[in-house]
Amino acid sequence: QAQLVESGGGSVQAGGSLRLSCVTSGCTFSLNTMAWFRQTSGEERELVAAVTWSGGTTYYADSVKGRFTISRDNANNALYLQMNRLKVEDTAVYYCAAQGSPSVLATVANLYNYWGQGTQVTVSS
């Protein structure tokens, strides 16, 4: 059974940095697009960043471009999100996700079949 486990969340002051990690097990996602989503209370899950299997194509939400970097290490079944110059509005639960099969990079949550449990990121002013 596939498992995605996030880590690296926490509390940080605005302007600071955090690095999220997601380790997968039970299934290989080395050929699948993987992504980071985030969600705040009462809001829909929002795509933050995504990366294709080779790392050759990435997507970033406009709100994080230039501040966040997504990367993956297929050999170690890991996905990362480096978050710099964090803002209060980045506060959310961040989720790691994987598409269910090799396909083009998707930007909507319902095209991702596998999800982690989420990790809280809190940015204070």
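Preceding this section is the structure that the text describes.
Residues numbered from 1 in each chain as written. Predicted model: local features only at pLDDT ≥ 70, side-chain atom pairs only at ≥ 80, totals over all residues. Heavy atoms only, no water.

Asker: Please clarify how the sheet that holds strand S3 (residues 18–25) should be interpreted in this entry.
Answerer: Each strand in a sheet pairs with its neighbour through backbone hydrogen bonds, running either in the same direction (parallel) or in the opposite one (antiparallel). Reading across the sheet, the four strands line up as S1-S3-S8-S7 and stay open at both edges, with antiparallel pairing between neighbours. A single partner strand is all that each edge strand has here, and the edge strands are strand S1 (3–7) and strand S7 (68–73). Between one strand axis and the next, the sheet turns through 15° on average, direction left out of account. Two strands pair when backbone bridges link them, and S7 and strand S8 (residues 78–83) are joined in this way by six bridges, in the antiparallel orientation. Along S8, the bridge assignment pairs Asp 73 with Ala 78. (Pairing = 2+ DSSP bridges. Helix = DSSP H or I, 4+ residues; strand = E, 2+ residues; numbered from the N terminus. Axes fitted to C-alpha atoms, helices over the stretch in contact; angles between N-to-C directions.)

Asker: Teacher, can you tell me more about the pairing of strand S5 (residues 46–51) here?
Answerer: In regular strands, side chains alternate between the two faces of the sheet. With respect to burial, S5 is a largely interior element, five of its six residues being buried. Where strand S4 (residues 34–39) and S5 come together, five bridges link them in antiparallel fashion. Bridged to Met 34 within S5 is Val 51. Where S4 folds back on S5, the antiparallel hairpin that results is connected by six residues, among which Gly 42 adopts a positive phi of roughly 85°. (Buried < 20%, exposed > 50% of the residue type's maximum accessible area, 1.4 Å probe, protein only.)

Asker: Mind showing me how you'd approach empty space enclosed by the protein here?
Answerer: Using a probe with the size of a water molecule, rolled over the atoms, empty space left in the structure can be pinpointed. Tallied over the full model, the rule gives one cavity of 30 Å³ or more. Every residue along the wall of the largest cavity is listed here: Thr 24, Phe 29, Ser 30, Met 34, Arg 72, Asp 73, Asn 74, Asn 77 and Ala 78. Residues belonging to the lining of the largest cavity are distributed by class as follows: three nonpolar, four polar and two charged. (1 Å grid on protein atoms, 1.4 Å probe; cavity = no way out; pocket = protein on both sides within 12 Å on 5 of 7 lines; lining within 4 Å. Points joined across faces, edges and corners; volume = space filled by probe spheres on them. Nonpolar A, V, L, I, M, F, W, Y, C, P; charged D, E, K, R; others polar.)

Asker: Teacher, can you tell me more about unusual backbone geometry here?
Answerer: Glycine aside, the phi torsion of most residues is negative, and most peptide linkages are trans. Even without glycine at this site, Asn 77 takes up a positive phi of about 55°. Within the secondary structure, Asn 77 is located in the loop between S7 and S8. One non-glycine residue, Arg 85, adopts positive backbone phi at about 50°. With respect to the helices and strands, Arg 85 occurs in the loop between S8 and strand S9 (92–98). A relative accessible area of 48% places Arg 85 in the partly exposed class.

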